[in-house]
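Descriptive structure summary
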Amino acid sequence: MVEVRIRVNGVEEVLDVEPRVSLLDTLREHLGMTGTKKGCDQGACGACTVLADGERINSCLALAVQYDGRSITTIEGIDHPLQEAFVRHDGLQCGYCTPGQICSAIAMLDEHARGAPSAVTEPAATAAPELTGEEIRERMSGNLCRCGAYNGIAEAIAEVAAR
Amino acid sequence: MRSFAYLSAPDIDTALHAVSAEPNAKFLGGGTNLVDLMREEIEQPDTVIDITRLPLAEVAELPGGGVRVGALVRNSHLAAHPLIRERYPVLSQAILHGASGQLRNMATVGGNLLQRTRCVYFYDTASPCNKREPGAGCAAAEGFHRNTAVLGTSEHCLAAHPSDMCVALAALDAAVEVRSVRGVRRIPVTDFHRLPGATPHVESDLAPDELVTAVEIPPLRAAANSRYRKVRDRASYAFALVSVAAALEVEDGRVRTARLALGGVGTRPWRAREAERVLADAPATEEAFDRAAEAELAAAVGRPDNAFKIDLARRTVTAVLRRLLTTDGSTP
């Protein structure tokens, strides 16, 4: 067992974990915070997306021991206009992917605001590209939605981005 | 996942001594590939040496115009770095075409170099795979092999190298710096990955006790006019069927410099030297581009599910090179 200290939604948590335990299982099974979802458990779906010091990551591929001293934000710690926009635009049906979608979208908007390019950004662009539907879909491609609520998800993000 | 001993290395020397003392140890970077493979029990290290706290996360300009990238620079940070976007747009684009925003935030440059194939039989521990279990046989040859290679294959292995970043690094003639308790050495990235031959489980030139510490990219004027294109089964977040990294410089209607590498089709990131030979001093025309692509792909061996890649690669090479020309047939 290894002792790790992780700030989760602003609260310092001290945990004894086996090195093989993922950050996702630490959140769900050790801390009882089940808002972060386990979909594929292999980095292919994005349901487990959380923020590590503000950057989005797949918590299923993160070992908790690697995040000792880091600050993690999960859906339980988020109060953001995107949540209400997802509801209004029908950006979900079953809702299982939604916590990951929300965490991912918050970090994605932040990346965009910092000028980070995407695969569909014109290479010569130096300023932040306009956040078109194509840009949103490319930047959010790490979050799958088996219900296929993508149109609502993209609209909700576009609306909040335009505010 | 099996249990393992965990060590978080505070400095490079500690990491190198730890790995040289432990025969079945693995370095852990971003974890996006290794943690997954450990969970599937394809990788079963006794010791995991966490290197993410080592001071190897810098991107620095080299004298003469090249760039040195620390092995722990995250993929997303490298793709967004102004030096890379300006001097090597093909590298920024290649990285952005791989994985997802979340994975690129975790994945390191060193880990990307060492990521393992996505051949389905490598992952399926119920099937034979020479890469996973030397001598077991290859299930891909008679099985599902849409995502396997057509260049550099052997009777023992068809697995394609999955990286996008490495395709751009191959085109750019990057070098990999590796360190062990025995010293430091540099390996051209085009020699870093091995062809499968009769030993597909040996994937790189890296010795078990060596740590990738940096990648150095030399200056290349033509790289300012470079692009990456990736063809895949869905628009994003999928491995390549075919990808092309290209840099092109044209003078007086003739090719002055052409750099070309292919992904998705090779058992390693595939530097297209045969195509480059054909392009040298050739007229910068679509016909010449096509001939060059054809020359490179002459050695390709297709199988029922992946033979389509040969023509797809030819057309993609031609299209990317054409895209690098301005409307008057020159380069910027």
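Residues numbered from 1 in each chain as written. Chains lettered and ligands numbered in written order. Predicted model: local features only at pLDDT ≥ 70, side-chain atom pairs only at ≥ 80, totals over all residues. Heavy atoms only, no water.

1. Looking at the overall build of chain A
Scanning chain A from terminus to terminus reveals 5 helices and 5 strands. Secondary structure elements in chain A, listed N-terminal to C-terminal, are β-β-α-β-β-β-α-α-α-α. Its C-alpha atoms put chain A at 45 × 35 × 25 Å along the principal axes. Buried positions account for 53% of the 163 residues belonging to chain A. The long-range fraction of contacts in chain A, counting pairs at least 24 apart against all pairs at least 6 apart in sequence, stands at 56%. (Helix = DSSP H or I, 4+ residues; strand = E, 2+ residues; numbered from the N terminus. Buried < 20%, exposed > 50% of the residue type's maximum accessible area, 1.4 Å probe, protein only. Contact = heavy atoms within 4.5 Å.)

2. Let's talk about the environment of Leu37 of chain B
Residues and elements named next belong to chain B. Here Leu37 is to be found in helix H2 (residues 34-39). Given a relative accessible area of 1%, Leu37 falls into the buried group. Along the chain, Leu37 and Val244 lie 207 residues apart, while their C-alpha atoms are 27 Å from each other. Excluding anything up to four places from it in sequence, Leu37 contacts Ile42, Glu43, Arg116, Phe122 and Tyr123.

3. Focus on the sheet that holds strand S1 (residues 5-8) of chain B
All names here are of chain B. Sheet architecture is open: 3 strands sit in the order S1-S3-S2, paired in parallel fashion. The open sheet has two edge strands, S1 and strand S2 (25-28), and neither has a second partner. On average, each strand axis in the sheet is inclined to that of its neighbour by 20°, with strand direction left out of account. Of the strand pairs in this sheet, S2 and strand S3 (residues 47-50) are connected by 4 bridges, and their pairing is parallel. Within S3, the residue paired with Leu28 across the bridge is Asp50. (Pairing = 2+ DSSP bridges. Axes fitted to C-alpha atoms, helices over the stretch in contact; angles between N-to-C directions.)

4. Remarks on the UniProt feature "domain: FAD-binding PCMH-type" (unreviewed entry) in chain B
In this numbering, the UniProt entry assigns the feature "domain: FAD-binding PCMH-type" (unreviewed entry) to residues 1-222 of chain B. Spanning residues 1-222 of chain B, this segment combines 28% helix with 17% strand, and its end C-alpha atoms are found 46 Å apart. (UniProt positions renumbered as here; feature names shortened; annotations may be inferred.)

5. Brief notes about helix H1 (residues 23-30) of chain A
All names here are of chain A. If you check which residues of H1 are buried, you get Leu23, Leu24, Thr26, Leu27 and Arg28. As for H1, its buried residues are in contact with strand S1 (2-8), strand S2 (11-17), strand S3 (49-52), strand S4 (55-58) and strand S5 (71-73). Backbone geometry just after H1 places Gly32 at a positive phi near 70°.

6. With respect to the interface of chain A and chain B
The interface is formed by 39 residues belonging to chain A together with 38 residues belonging to chain B. Taken together, the connections running from chain A to chain B amount to 2 salt bridges. Where chain A meets chain B, there are 16 residue pairs in polar contact (both at pLDDT 80 or more). Of all the elements in the fold, those that place two or more residues in the side of chain A that touches chain B are S4 and helix H3 (98-113) of chain A. Broken down by element, the residue count for the side of chain A that touches chain B peaks at 4 residues, all from S4 of chain A. Taken together, the residues of the side of chain A that touches chain B sort by class into 16 nonpolar, 14 polar and 9 charged. (Salt bridge = Lys/Arg side-chain N within 4 Å of Asp/Glu carboxyl O. Polar contact = N/O pair within 3.5 Å; in protein donor to acceptor, adjacent residues only side chain to side chain. Nonpolar A, V, L, I, M, F, W, Y, C, P; charged D, E, K, R; others polar.)

7. Looking at the domain arrangement of chain B
Per the domain assignment, the segments of chain B are domain 1 (5-53) and domain 2 (222-323). Its C-alpha centre places domain 1 of chain B at a distance of 36 Å from the equivalent point of domain 2 of chain B. (Domains from an automatic or database assignment.)

8. Some points on the packing of aromatic side chains
Across all of its chains, the model carries 1 aromatic pair over all chains by this definition. Seen in terms of ring centroids, Phe122 of chain B and Tyr123 of chain B are 6.0 Å apart; in terms of plane orientation they differ by 85°. Their pairing is edge-to-face. (Phe/Tyr/Trp six-rings, centres within 6.5 Å; stacked < 30°, edge-to-face > 60°.)

9. A closer look at the sheet that holds S4 of chain A
Strand pairing in a sheet is mediated by backbone hydrogen bonds. Such pairs are either parallel or antiparallel. Residues and elements named next belong to chain A. What the 5 strands build is an open sheet, ordered S2-S1-S5-S3-S4; its pairing is mixed. Strands at the two margins of the open sheet, each flanked by one partner only, are S2 and S4. Between one strand axis and the next, the sheet turns by 40° as a mean value, whatever way the strands run. This element, H1, spans S1, S2, S3, S4 and S5 of the sheet and lies at about 105° to S2. Across the sheet, H3 touches S3, S4 and S5, and the angle it forms with S3 is around 40°.

10. A short note on unusual backbone geometry
For Asp53 of chain A, which is not glycine, the phi torsion reads 50° and is therefore positive. Of note, Asp53 of chain A is situated in the loop between S3 and S4. Positive phi, close to 60°, is recorded for Asp173 of chain B, a residue that is not glycine. Within the secondary structure layout, Asp173 of chain B lies in the loop between helix H9 (165-171) and strand S6 (175-180).

11. Side note on the pattern of salt bridges
Counted under the stated rule, the structure contains 45 salt bridges over all chains. Between Glu3 of chain A and Arg5 of chain A there is a salt bridge, with its nearest N and O atoms 3.6 Å apart. Note on Glu3 of chain A: relative accessible area 46%, which makes it partly exposed. Linking Arg315 of chain B and Asp311 of chain B is a salt bridge whose minimum nitrogen-to-oxygen distance equals 3.1 Å. Of this pair, Arg315 of chain B and Asp311 of chain B both sit in helix H13 (residues 308-323), 4 residues apart, which is roughly one turn of that helix.

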